[in-house]
Amino acid sequence: MTKILKCCCFVLGVYGAVFSQDAKPDTYQDSLQAIIDSNIASIKKKEPLFLLGEHLVQRHPDLAETIAANLKANYLNKNDSSEIRRNNYIFAASHRWQGDFSTALKYYGDIYAYSKRNNDSMDIAKSAHFIGSISMFLGNNVTSQKHLLEAAEIYDRIGDAKQKASINNALASFYLNIDQLEKGEEQYLKALKQFEVLKDSAGMASVNANLGLVYTDLGDFNKAEMHLMQQKALNVVFPTLREMGFHHDFLGVLRQKEGKLQEAYQEHLKALNIRKNLSSTYNLCESKLSIGDVLIKLNRPAEAIAHLKDVFAYDEHQSLNQQERAYEMLAEAYEKTGNYKNALQNYKAFKRISDSIYSKESIEIIAEKDALYNKQKKDSEIALLSKEKEISDHKIKRSITIAIITCTVLLVLLIAAIALYKLYLKINHKNKIITKALKDRELLLHETHHRVKNNLQMVSSLLNLQSKYVKDDKVYEVLQNGRNRVQSMAILHKNLYIGEDLNMVNIQNYFEGLAQNILNSFNKTEGEIQLDIQAKNIMMDVESLIPIGLIVNELITNAFKHAFPLDKTEKPTITVKMEENDTNYIIDVKDNGIGIHTSKTHKTESFGQRLIRLFADKLKARVTTNSQNGTEVNIVFPK
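None of the values given here were measured: they were computed from a predicted structure.

Q: Can you tell me about the overall build of the protein chain, naming the residues and giving the values?
A: For the protein chain, the helix and strand inventory stands at 23 helices and seven strands. Across the 639 residues of the protein chain, 46% fall into the buried class. Here the analysis covers contacts within the protein chain between residues at least 6 apart in sequence; of these, 65% occur between residues at least 24 apart. Summed over its atoms, the accessible surface of the protein chain is roughly 33,300 Å², and 55% of this surface lies on carbon and sulfur atoms.

In structure tokens, the structure reads:
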């Protein structure tokens, strides 16, 4: 059976990359051309020329070659090796896509040699990748393997994900080329996964096409069809019909294996018609070989011979693989026509080339290098695993150390927690004792204030009772004044007794009770004399409030006694007002009576006035009196 060699490596451009402008190739090309044709400085045209040349190597390889020649003649810096290599990549790729493999190899070889001299690993890998792929097309399997494995070793170390996927694809094609189908399948599937992770449509299309061939040779036609259809769906990313040429050619091979020879012929014919209008004579010869093969099977040997002889008309790619297959099929076609002489000659030529390609020596070299590469890869994996184990051991030791420290810290925290809990219980116990003591104290204070209030109330009642047996008005007045003074202190203790705070008194409530008591002592009602108390939100301690209460008691009593004689005042009113600021308290006792100048009958200081002066001195108060429109006494004392 005629051996079929198909290698779909069309994902590689100038640098092995998929086009980034495939969606709008014409727009991209036109924009670059517009810059080149503009009146900008010549030096600024260099980069657009490079980009345009790299863009056109597959679309218009002959135009790309012209651009590279223009760059070399007019723009390159002869001392800039990176520019020269970049331009050589365009030359190499343009010749490669024109089918001139020998010239392409020369350029890639120059780049490879320069990169070797300068230890430029990435350029070594890139150029080796191309040399290996082209050598595979030409049937130079030993050279192909050497360079592909060299590129793979570098990409394994420092390559990116796309480069690793591309070299796996190329190695898979190499294994397919030397009939190691299972190994080729494994490598293609690996590359496919890598391209899928990268979401690289062109890479996936290439691998699917090649897997279609692998499964065709393995006889799994359903899988082969599936992969070829996936390739067709992904071909939309490509700027030319070249990739559809691969699709129809590979589908034709599948139809041949399925025994559908007429369908196979039509598919190969579609591929041939596409490739006639493209630059690659290598791919054109592939279609010639495919059509020759199916025509022989269709028992049309004369037509097959015409196509097969055309393979030798294109010597620029110098492919031993294609020549081998052409001689083998020519021998079969001539035999079918009865031309046994030509059949024998072509068969001898086939054996000669086949022996040179698949010599025992070359097979041993390939096997040895393949084993060496696999060993190096395994050694690298073992070294990586050892390093990972070392790191893992270090992490385990570190984790154990952290665990010990954590346990120690937790133990310390537990001990501290137990100590804190015991301390909490001790403090809680003491707090309960203190709380009970405070409650007892509050109860005692309540009882004390209650008893003081009751005792003062009893004294007040005794004075009130005594006054009923006194006939002298002066003595009666003195007893009543004394009663009111005692009552002012009793009211104070009453407010403390009934209030929430045992030390502080609400002034508003206190003054209201004080004024009401004086009103009652004079047998007056609020209808007769109106009391206006204004001391909202002021609280004072009992010690400070006793002298204040006595002073206010005296001032209200004086107003009742002297401000409103013979009921001559309309709506008699006594106003008691207390305010505070940041530093002082202000008490203001005012009536709308006759005023102090008319009510004052004695020039000597009365007992009440003396009390006011003594308590004012105790409070360090400033006392002022105003007799306009009644009597107003203003007392200011510090907090």
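On we go.
Q: Just give me the short version of the packing of helix H4 (residues 81–97) against helix H6 (residues 121–138), but keep the residues and values in it.
A: Relative placement of two packed helices is described by the angle separating their axes and the distance separating the axes. For the pair H4 and H6, interaxial distance at closest approach is 13 Å and the crossing angle is 15°. Looking at the two axes, H4 sits roughly parallel to H6. Where H4 crosses over H6, the two elements pack in a sense that is left-handed. Two secondary-structure elements touch here, H4 through Arg85, Tyr89 and Arg96 and H6 through Asp123, Lys126, Ser127, Phe130, Ile134 and Phe137. The residue makeup of the contact of H4 with H6, split by class, is four nonpolar, one polar and four charged.

Q: Can you break down the confidence of the model for the protein chain residue by residue, with the values?
A: Segments scoring low in pLDDT should not have their predicted coordinates read at a detailed level. Taken residue by residue, the protein chain gives an average pLDDT of 84. The fraction at 70 or more is 86%. Confidence, read as mean pLDDT per element, is least for helix H22 (residues 596–599) in the protein chain (56) and greatest for helix H13 (residues 261–275) (95). Below a pLDDT of 50 lies the segment residues 1–25, which in the model reaches 97 contacts outside its immediate sequence neighbourhood of four places, other chains included.

Q: Lay out the side chain of Ser144 with the relevant residues and their values.
A: Summarising the element assignment, Ser144 is placed in helix H7 (residues 141–158). Polar side-chain contacts of Ser144 include one of 2.7 Å to the backbone oxygen of Gly132. Every residue in contact with Ser144, bar those within four places of it in the chain, is listed here: Gly132, Ser135, Met136 and Phe174.

Q: Explain the pairing of strand S6 (residues 622–626) to me, using residue names and the numbers behind them.
A: Here five bridges tie S6 to strand S7 (residues 631–638), and the two strands are oriented antiparallel to one another. In the strand pairing of S7, Asn626 is matched with Glu632. Count of turn residues in the S6/S7 antiparallel hairpin: four residues, of which Asn629 carries a positive phi of about 55°.

Q: Summarise a nonpolar patch on the surface; cite the residues concerned and give the values.
A: A cluster of nonpolar side chains, Ile405, Val409, Leu410 and Leu413, forms an exposed patch at the surface whose accessible area comes to about 370 Å². Mapped onto the secondary structure, Ile405 falls in helix H18 (residues 360–467).

Q: Go over the pattern of salt bridges, please, and point to the residues and values.
A: Considering all chains together, one arrives at 22 salt bridges under this definition. When the shortest N-O distance is used, the salt bridge between Asp249 and Arg275 registers 3.3 Å. With Asp249 in helix H12 (residues 242–257) and Arg275 in helix H13, the pair connects residues that are 26 residues apart, well separated along the chain. Both residues of the pair, Asp249 and Arg275, count as buried. Lys297 is the partner of Asp293 in a salt bridge, and the nearest nitrogen-oxygen pair spans 2.8 Å. With a gap of four residues between them, Asp293 and Lys297 both fall in helix H14 (residues 281–297), about one helical turn apart. A relative accessible area of 41% means that Lys297 is categorised as partly exposed.

Q: Describe the sheet that holds strand S5 (residues 584–591), with residues and values.
A: Across the sheet, which stays open at both edges, the five strands sit in the order S2-S4-S5-S7-S6 with mixed pairing between neighbours. The sheet terminates laterally at strand S2 (530–534) and S6, the two strands that pair on one side only. Pairwise comparison of adjacent strand axes, ignoring direction, gives a mean angle of 10° for this sheet. Strand direction decides the pairing type here: S2 and strand S4 (residues 573–580), joined by five bridges, are parallel. Of the residues in S4, the one forming a bridge with Ile533 is Val576. Here helix H20 (residues 507–521) sits on the sheet in contact with S2 and S4, set at roughly 160° to S2.

Q: I'd like to hear about the nonpolar core, residue by residue, with values.
A: By size, the foremost hydrophobic cluster in this structure holds 47 residues, and its most contacted members are Leu71 and Tyr108. Elements with a contribution of two residues or more to this core: helix H1 (25–37), helix H2 (46–56), helix H3 (61–74), H4, helix H5 (101–117), H6, H7 and helix H8 (161–177). Of all the elements, H6 adds the most residues to this core, at nine residues.

Q: Please provide a residue-by-residue account of the packing of H5 against H6, values included.
A: H6 packs onto H5 with a crossing angle of 150° between their chain directions and a minimal axis gap of 9 Å. Here H5 lies roughly antiparallel to H6, going by the angle between them. Here H5 runs over H6; the crossing is left-handed. Across from Phe101, Ala104, Leu105, Tyr108, Gly109, Ile111, Tyr112, Ser115 and Lys116 in H5, the residues of H6 making contact are Asp123, Ile124, Ser127, Ala128, Phe130, Ile131, Ile134, Ser135, Phe137 and Leu138. Residue composition of the contact of H5 with H6, grouped by class: 13 nonpolar, four polar and two charged.

Q: Which residues make up H13, and what are the values?
A: Under the 1.5 Å per step criterion, the end-to-end length of H13 is 21 Å for 15 residues, consistent within 8% with the ideal 21 Å. Ala264, Tyr265, Glu267, His268, Ala271, Leu272, Ile274 and Arg275 are the residues of H13 that are buried. Looking at the buried side of H13, the elements it contacts are H12, H14 and helix H15 (301–310).

Q: Got a sec to walk through the environment of Gly513? Specific residues and values, please.
A: Relative to the helices and strands, Gly513 resides in helix H20. Taking relative accessible area as the criterion, Gly513 reaches 27% and is therefore assigned partly exposed. Sequence separation between Gly513 and Gln487 is 26 residues; the distance between their C-alpha atoms is 9.8 Å.

Q: Quick rundown of the packing of aromatic side chains? Include the residues and the values.
A: To describe a pair of aromatic rings, one takes the distance between the centres and the angle between the planes. What the rule picks out here adds up to 15 aromatic pairs. Aromatic side chains Phe91 and Tyr107 sit 5.0 Å apart centroid to centroid with 10° between the ring planes, which places their arrangement in the stacked category. Taken together, the residues span a long stretch of sequence, with Phe91 in helix H4 and Tyr107 in helix H5 at a distance of 16 residues. Taking relative accessible area as the criterion, Phe91 reaches 6% and is therefore assigned buried. Residue classification places Tyr107 among the buried positions, given a relative accessible area of 18%. Taking 4.6 Å as the distance between ring centres and 45° as the angle between the ring planes, the aromatic pair formed by Phe312 and Tyr327 counts as tilted. Taken as a pair, Phe312 in the loop between H15 and helix H16 (320–337) and Tyr327 in helix H16 lie far apart in primary sequence, 15 residues in all. By relative accessible area, Phe312 is classed as partly exposed at 31%.

Q: Could you give an account of the pairing of S4, naming the residues involved and the relevant values?
A: Two elements, S4 and S5, share seven bridges in a ladder whose sense is antiparallel. Residue Ile574 lies in a different strand from S5, and its bridge partner there is Asp591. Hairpin connection from S4 to S5: three residues lie between these consecutive antiparallel strands.

Scoring rules and cut-offs
- Residues numbered from 1 in each chain as written.
- Predicted model: local features only at pLDDT ≥ 70, side-chain atom pairs only at ≥ 80, totals over all residues.
- Heavy atoms only, no water.
- Helix = DSSP H or I, 4+ residues; strand = E, 2+ residues; numbered from the N terminus.
- Buried < 20%, exposed > 50% of the residue type's maximum accessible area, 1.4 Å probe, protein only.
- Contact = heavy atoms within 4.5 Å.
- Areas by Shrake-Rupley, 256 points an atom, 1.4 Å probe, with all protein chains shown as cover.
- Axes fitted to C-alpha atoms, helices over the stretch in contact; angles between N-to-C directions.
- Parallel < 35°, antiparallel > 145°, perpendicular 65-115°, else oblique.
- Left-handed = near helix turned anticlockwise from the far one by under 90°.
- Nonpolar A, V, L, I, M, F, W, Y, C, P; charged D, E, K, R; others polar.
- pLDDT = per-residue confidence, 0-100.
- Polar contact = N/O pair within 3.5 Å; in protein donor to acceptor, adjacent residues only side chain to side chain.
- Pairing = 2+ DSSP bridges.
- Patch = residues over 30% accessible without salt bridge, like charges linked within 9 Å, V, L, I, M, F, W, Y side chains within 5 Å.
- Salt bridge = Lys/Arg side-chain N within 4 Å of Asp/Glu carboxyl O.
- Core = buried A, V, L, I, M, F, W, Y, C linked by side-chain atoms within 4.5 Å.
- Expected span 1.5 Å × (residues − 1).
- Phe/Tyr/Trp six-rings, centres within 6.5 Å; stacked < 30°, edge-to-face > 60°.

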